[in-house]
2 protein chains.
Amino acid sequence: MARMPAAERRVALARAALAVADRDGVHAATTRAIVAEAGMPLSSFHYAVPSRDELLRDVVALVVEGESDAALAELLAGADDVPTVLRRTLGAYLEHVRTAPGREQAMFELTQYALRTAELADLPAAQYARYHATAEALLTAAEQHLGIRWSAPVSDLARLVVTITDGVTLGWLADRDDAAADRTLDLATAALAPFAHPAPAPVPVPSAPRTTPLEEA
Amino acid sequence: MARMPAAERRVALARAALAVADRDGVHAATTRAIVAEAGMPLSSFHYAVPSRDELLRDVVALVVEGESDAALAELLAGADDVPTVLRRTLGAYLEHVRTAPGREQAMFELTQYALRTAELADLPAAQYARYHATAEALLTAAEQHLGIRWSAPVSDLARLVVTITDGVTLGWLADRDDAAADRTLDLATAALAPFAHPAPAPVPVPSAPRTTPLEEA
DNA sequence: GGGTGTCTGGGACACTTGTCCAACTTCGCG
DNA sequence: CGCGAAGTTGGACAAGTGTCCCAGACACCC
């Protein structure tokens, strides 16, 4: 085995663990399966990581990290009306689940496992806080780009959005009914869109007039 | 051990398995833990049940069975306006989750486990079909009792409702934020209520006029 | 009452699991 | 060059897993 600092080996193990959990489920991500995936001898595991549970913590961080970026670009494209953008964003999420179902299922499994494991009991709350924050950022960005204001607290709406994406994912994983999932998103869009109100007259800061409000970051 | 026909012993084992899965998670529901819970010797297990996976199938059936009744009564009580009934029903579900979180989590774990297990791969679809059917029956009953008509296909709405309850459950299990879950249900209620339209003039069957349409079953 | 089929239950099997050790090699610095 | 720190590794451990066998006990019907 090539020589490798422990820290580096640890992230390689986290990536391997994610690959195994994606393919075969979290319960199959044993220390032996993980090192096999990473092409390491078993003894490397506990040299790089104190315990399997610690590694799983890394895996969650690994996924939650890269999650926020992908969806944001979708919003900025074709800045149409609210329902269209909403539907397109939800659709993009579902598409992501469809192309990597194991990954998303692994995240559910990880959450459930963490909830049952004393040393990881704090993980799910942090994980979902990140989900909620991501959704909130998305909704706030939508206000800007669509020139609207949400008629309910954005943090509450964000939680509802995560609720819906989670629910749709779970349902689709269970029966793989693409058409039904799409119809659910249609309905969810129709249910969510009315919370968007046209923005009040773009508040001009009296002391600092702008030529065009479109130039605001 | 008292003598007991194998069939009877099997349901006792299913109940014990549910108790263990509720308390300690599905992964802790080993054959030994289950028979200990049931107060049986280990060898009784495979006399009554061919395999552990078969037993888990029973457990799902056990829960899905008793699920439909509880919520229905809620609807019939105080037949108020749509948002109130909607909110009350969703609230009753959340309350159920709150009082038995392990149970609901066990169902999620069971679904995830089944999805990863070839012999149980058919379970999740059937399980969710039941959920959807239950929600659909509820929504249809609501049409009658509230004198409304849903402006979207009831089966689609039912899937959205299950999506939301699943999502709320998952989120609450993760962070146990009661207030946030309640706010999510408030918002979901506001989002769902507009799908209810006043029923069209109560269709009188021309050949069989009724004195009062309220007496219809 | 005898015998057949149902039920009991102790014990074992083959295997997998997370974790650790102790010996070995390699690196980098003085 | 020498030496301590860092990295590598085969092998083992104790515990736990699902499943099965087999000898015995009991119930019920002819």
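The residue count restarts for each chain, going from 1 along the sequence in the order it is written. Think of it this way: whatever chain is written first is A, whatever ligand is written first is 1, and the rest follow in order. Reporting in this predicted model follows two pLDDT cut-offs: at least 70 for local features of residues, and 80 or more for side-chain atom pairs to be given and counted; totals over whole chains, interfaces and linings ignore these cut-offs and use all residues. As a rule here, side-chain values come from all non-hydrogen atoms in the structure, and water together with hydrogens is ignored.

A.B. asks: Would you mind going over the protein's contact with DNA strand C with me for this structure?
C.D. replies: Residue proximity to a molecule or strand is established when one non-hydrogen atom of the residue lies within 4 Å of it. In the vicinity of DNA strand C lie 19 residues, with Thr31(A), Arg32(A), Met1(B), Arg3(B) and Arg9(B) positioned nearest. In DNA strand C, atoms within 4 Å of the protein come from the sugar-phosphate backbone in 57% of cases. In protein, a polar contact means a hydrogen-donor-capable atom and an acceptor-capable atom, both N or O and within 3.5 Å, with residues adjacent in sequence counting only if both atoms are side-chain atoms; elsewhere, any N or O pair within 3.5 Å suffices. At 3.2 Å, a side-chain N or O of Arg3(A) approaches a base oxygen of DNA strand C. At 3.0 Å, a side-chain N or O of His46(A) approaches a phosphate oxygen of DNA strand C. Helix numbers and strand numbers start at the N terminus; a helix is a DSSP run of H or I with at least 4 residues, a strand a run of E with at least 2. The set of elements that each furnish at least two residues to the surface near DNA strand C consists of helix 2 (31-38) of chain A together with helix 1 (6-24) and helix 3 (42-48) of chain B. By the convention adopted, Pro, Cys, Tyr, Trp, Phe, Met, Ile, Leu, Val and Ala count as nonpolar, Lys, Arg, Asp and Glu as charged, and the other residues, Gly among them, as polar. Looking at the surface near DNA strand C residue by residue, the classes come out as 8 nonpolar, 5 polar and 6 charged.

A.B. asks: Just checking my understanding: could you explain the protein's contact with DNA strand D for this structure?
C.D. replies: Neighbouring residues of DNA strand D: 20 residues in total, closest Met1(A), Ala2(A), Ser43(A), Thr31(B) and Arg32(B). Backbone sugar and phosphate groups make up 55% of those atoms of DNA strand D lying within 4 Å of the protein. Arg32(B) places a polar side-chain atom, nitrogen or oxygen, 2.8 Å from a base nitrogen of DNA strand D. The separation between a phosphate oxygen of DNA strand D and a polar main-chain atom of Arg52(B) is 3.0 Å. Those elements that place two or more of their residues in the surface near DNA strand D are helix 1 (6-24) and helix 3 (43-48) of chain A together with helix 2 (31-38) and helix 3 of chain B. Residues of the surface near DNA strand D, tallied by class, amount to 8 nonpolar, 6 polar and 6 charged.

A.B. asks: Any chance you could explain the relation of the copies chain A and chain B here in plain terms?
C.D. replies: In this arrangement, two copies of a chain are superimposed by a rotation about an axis accompanied by a shift along the axis. Least-squares superposition aligns the copies on the C-alpha atoms of those residues with pLDDT at or above 70 in both. Mapping chain A onto chain B leaves a residual RMSD of 0.0 Å; the transformation is a rotation of 180° accompanied by 0.0 Å of translation along its axis. The operation mapping one copy onto its partner corresponds to a two-fold rotation axis. Interface residue correspondence from chain A to chain B reaches 100%, placing this contact among same-surface, isologous pairings. Any two residues whose heavy atoms approach within 4.5 Å at even a single point are treated as in contact.

A.B. asks: Would you explain the interface of chain A and chain B in this entry?
C.D. replies: Taken residue by residue, the interface counts 44 residues in chain A and 44 residues in chain B. For any pair of parts, buried area is found by adding up, for both, the accessible area (1.4 Å probe) each one loses once the two are put together. When the buried surface of chain A facing chain B is broken down by residue, Arg116(A), Arg159(A) and Leu187(A) rank first, second and third, together holding 22% of it. A side-chain nitrogen of Lys or Arg and a carboxyl oxygen of Asp or Glu constitute a salt bridge if their distance falls within 4 Å. The residue Arg183(B) makes a salt bridge to Asp156(A) at a minimum N-O spacing of 2.8 Å. Between the two partners, chain A and chain B, sit 16 residue pairs in polar contact (both at pLDDT 80 or more). Mapped by element, the contributors of at least two residues to the side of chain A that touches chain B are helix 1, helix 6 (101-116), helix 7 (123-146), helix 8 (154-175) and helix 9 (178-192) of chain A. The leading source of residues in the side of chain A that touches chain B is helix 8 of chain A, at 15 residues. Classifying every residue of the side of chain A that touches chain B by side-chain character gives 23 nonpolar, 10 polar and 11 charged.

A.B. asks: Just checking my understanding: could you explain the nonpolar core for this structure?
C.D. replies: Across soluble globular proteins, you tend to see nonpolar side chains buried next to one another. With 129 residues, the main nonpolar core has Leu13(A), Trp150(A), Leu13(B) and Trp150(B) as its most contacted residues. Those residues in contact with Leu13(A) that sit more than four places away from it in its chain are Ile34(A), Val35(A), Ala38(A), Met40(A), Phe45(A), Ala48(A), Val49(A) and Leu55(A). Here, the term nonpolar core denotes a set of buried Ala, Val, Leu, Ile, Met, Phe, Trp, Tyr and Cys residues that are joined through side-chain atoms within 4.5 Å. Summary of the burial criterion: residues with accessible area below 20% of their type's maximum are buried, those above 50% are exposed, and those between are partly exposed, where the area comes from a 1.4 Å probe applied to protein chains only.

A.B. asks: Would you take a moment to explain the packing of helix 7 of chain A against helix 8 (residues 154-175) of chain B for this structure?
C.D. replies: Each pair of packed helices can be summarised by the angle the axes make with each other and by the distance between the axes. One can describe the packing of helix 7 of chain A onto helix 8 of chain B by two numbers: an axis separation of 7 Å at closest approach and a directional angle of 130°. The pairing of helix 7 of chain A with helix 8 of chain B is recorded here as oblique in orientation. On helix 8 of chain B, the residues that touch Pro124(A), Ala125(A), Tyr128(A) and His132(A) of helix 7 of chain A are Leu170(B), Gly171(B), Ala174(B) and Asp175(B). Of the residues contributing to the contact of helix 7 of chain A with helix 8 of chain B, the split by class is 5 nonpolar, 2 polar and 1 charged. Note on method: axes are straight lines fitted to C-alpha atoms, helices fitted across the in-contact stretch only, with angles between N-to-C directions ranging 0 to 180 degrees. We call two directions roughly parallel when the angle between them is under 35 degrees, roughly antiparallel when it is over 145, roughly perpendicular when it lies between 65 and 115, and oblique otherwise.

A.B. asks: Any chance you could explain unusual backbone geometry here in plain terms?
C.D. replies: In most cases, non-glycine residues show a negative phi, while peptide bonds are predominantly trans. Of note in this structure, Arg176(A) is not a glycine but carries a positive phi near 55°. By the secondary structure assignment, Arg176(A) is in the loop between helix 8 and helix 9.

A.B. asks: It is not clear to me how the pattern of salt bridges should be interpreted in this structure. Could you clarify?
C.D. replies: Between side chains of opposite charge, a pair can form as their charged atoms come close. All names here are of chain A. Counted by the stated rule, this structure contains 29 salt bridges over all chains. One salt bridge in this structure joins aspartate 24 and arginine 23, with 3.0 Å as the shortest N-O distance. Here aspartate 24 falls in the partly exposed class, since its relative accessible area comes to 34%. Overlapping salt bridges, with partners in common, bring together Arg87, Glu95, Arg98, Asp178, Asp182 and Asp186 in one network.

A.B. asks: How should I be thinking about the environment of Tyr131(A) in this particular structure?
C.D. replies: Residue and element names in this part refer to chain A. With respect to the helices and strands, the residue tyrosine 131 is situated in helix 7. It is 8.5 Å that separates the C-alpha atoms of tyrosine 131 and arginine 159, two residues lying 28 residues apart in sequence. Each residue touching tyrosine 131, except ones within four places of it in the same chain, is listed here: Val64, Glu67, Met107 and Val162.

A.B. asks: Whenever I open this one, helix 2 of chain A confuses me. Can you help?
C.D. replies: At 3.6 residues per turn, the α-helix brings residues three or four places apart onto the same side. Residue and element names in this part refer to chain A. Thr31, Ile34 and Val35 are the residues of helix 2 that are buried. Along helix 2, the residues classed as buried sweep out an arc of 95° about the axis, all on the same side. Facing away from the buried side of helix 2 by over 90 degrees, the exposed positions are Arg32 and Ala36. After helix 2 finishes, the residue glycine 39 shows a positive phi value of roughly 70°. Note: the arc covers the axis-to-C-beta directions of the helix.

A.B. asks: Help me understand the packing of helix 5 (residues 82-99) of chain B against helix 8 of chain B, please; the structure alone is not making it clear to me.
C.D. replies: All names here are of chain B. Interaxial distance between helix 5 and helix 8 falls to 11 Å at its minimum, and their mutual angle equals 40°. Viewed along their axes, helix 5 and helix 8 form a crossing whose handedness is right-handed. In this structure, helix 5 contributes Leu90, Tyr93, Leu94, Val97 and Arg98 to the contact, and helix 8 contributes Thr165, Val168, Thr169 and Trp172. Split into classes, the residues belonging to the contact of helix 5 with helix 8 amount to 6 nonpolar, 2 polar and 1 charged. Each crossing is labelled by how the near helix is turned from the far one, with a counterclockwise turn of less than a right angle marking it left-handed and a clockwise turn marking it right-handed.

A.B. asks: When you look at helix 6 of chain A in this model, what are you seeing that I'm missing?
C.D. replies: Under the 1.5 Å per step criterion, the end-to-end length of helix 6 of chain A is 23 Å for 16 residues, consistent within 8% with the ideal 22 Å. Most of helix 6 of chain A sits inside the fold, with 14 of its 16 residues counted as buried. To estimate how far a helix should extend, the number of its residues minus one is multiplied by 1.5 Å.

A.B. asks: How should the environment of Ala38(B) be read in this particular structure?
C.D. replies: Residues and elements named next belong to chain B. Inspection of the secondary structure assignment puts alanine 38 in helix 2. Sequence-wise, alanine 38 and valine 20 are 18 residues apart; in three dimensions their C-alpha atoms are separated by 9.8 Å. Not counting chain neighbours up to four residues away, the residues in contact with alanine 38 comprise Leu13 and Ala16.

Geometry only, nothing functional implied.
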